[in-house]
Amino acid sequence: IVDPFTHSIQWSRRFAGLKLYLSLLMFGWEGYEKMIDHQSRMGHLLREMLVENGWEIMNTSSLPVICFTDKDLRKHPSFISWICSKVVESGKAWISTYPIKEENTIRAGITNYASA
C-alpha cells in the first residue's frame, strides 16, 4: 500500500516547506540566488561598518549572522541586554543576545530581502 502522505504536500499538518516553495515559485532559482547574495553582501557590509566604528566581531561565518560586542563595555553584564532591548523597542530592527565563550554578544542576522 502506498501512503499518499509520503508522496504529496502535507495537507493535514504544518507545511514546513511552504516558505521556500512560495519563494521559489515567485522568484525562481535565479531570483532566490540573487536574494541570498544580496543578504550576504549586506552582512559583509554590516561587519565592515561595525569594525570601522570600534565594535569587536566575535564570530566568523559566511552567513549574514554577525555576533559583536563593544571592546570597552563587554564586561558589564547588563550592557548587551540593554542595547538589544533598545533596538527591539525602536521597532526598526530585531537583534538578540548570543553567548560566545561564556560572554554575551549582540547577534544580528540579515534575513529581510529588502535590507539595504
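See the structure shown above.
Residues numbered from 1 in each chain as written. Predicted model: local features only at pLDDT ≥ 70, side-chain atom pairs only at ≥ 80, totals over all residues. Heavy atoms only, no water.

(A) The arrangement of the nonpolar core in detail. Among the nonpolar cores identified, the biggest contains 10 residues, and these are Leu50, Ile66, Phe68, Phe79, Ile80, Ile83, Cys84, Ile95, Ile106 and Ala108. Of all the secondary-structure elements, those providing two or more residues to this core are strand 2 (65–70), helix 2 (79–90) and strand 4 (103–109). Residues contacting isoleucine 95, with those up to four places away along its chain left out, are Ile83, Cys84, Val87, Val88, Ile106, Arg107 and Ala108. (Core = buried A, V, L, I, M, F, W, Y, C linked by side-chain atoms within 4.5 Å. Buried < 20%, exposed > 50% of the residue type's maximum accessible area, 1.4 Å probe, protein only. Helix = DSSP H or I, 4+ residues; strand = E, 2+ residues; numbered from the N terminus. Contact = heavy atoms within 4.5 Å.)

(B) Summary view of the packing of aromatic side chains. On inspection of all chains with the given rule, the structure shows one aromatic pair. On the basis of an interplanar angle of 90 degrees and a centroid distance of 5.4 Å, the ring pair of tryptophan 55 and phenylalanine 68 is categorised as edge-to-face. In this pair, tryptophan 55 is assigned in strand 1 (residues 55–57) and phenylalanine 68 in strand 2, connecting sequence segments 13 residues apart. (Phe/Tyr/Trp six-rings, centres within 6.5 Å; stacked < 30°, edge-to-face > 60°.)

(C) Quick look at unusual backbone geometry. Phi is positive for lysine 101, close to 50 degrees, though the residue is something other than glycine. Mapping lysine 101 onto the fold places it in the loop between strand 3 (96–100) and strand 4. The class for lysine 101 is exposed, based on a relative accessible area of 79%. The backbone of glutamate 102 shows a phi angle near 65 degrees, a positive value even though the residue is not glycine. With respect to the secondary-structure elements, glutamate 102 resides in the loop between strand 3 and strand 4.

(D) Looking closely at the pairing of strand 3. The pairing of strand 3 with strand 4 spans five bridges and is classified as antiparallel. Bridging from a neighbouring strand, isoleucine 100 pairs with glutamate 103 of strand 4. (Pairing = 2+ DSSP bridges.)

(E) Broad picture of the sheet that holds strand 4. With antiparallel pairing, four strands are arranged side by side in an open sheet as 1-2-4-3. In this open sheet, the two strands that pair with only one neighbour each are strand 1 and strand 3. When the angles between neighbouring strand axes are averaged without regard to direction, this sheet yields 45 degrees. As paired strands, strand 1 and strand 2 are joined by three bridges and run antiparallel to one another. Its bridge partner lying in strand 2, tryptophan 55 is registered against aspartate 70. Strands in contact with helix 1 (residues 18–52) are strand 1, strand 2 and strand 4; relative to strand 2, the strand with the most contacts, it is inclined by about 10 degrees. On the sheet, helix 2 packs against strand 1, strand 2, strand 3 and strand 4 and is oriented at approximately 25 degrees with respect to strand 4. (Axes fitted to C-alpha atoms, helices over the stretch in contact; angles between N-to-C directions.)

(F) Just the pairing of strand 4, in detail. Pairing analysis gives four bridges linking strand 2 to strand 4, with the strands arranged antiparallel. The residue of strand 4 that forms the bridge with isoleucine 66 is alanine 108. The loop that links strand 3 with its antiparallel partner strand 4 comprises two residues; one of these, lysine 101, has a positive phi angle of about 50 degrees.

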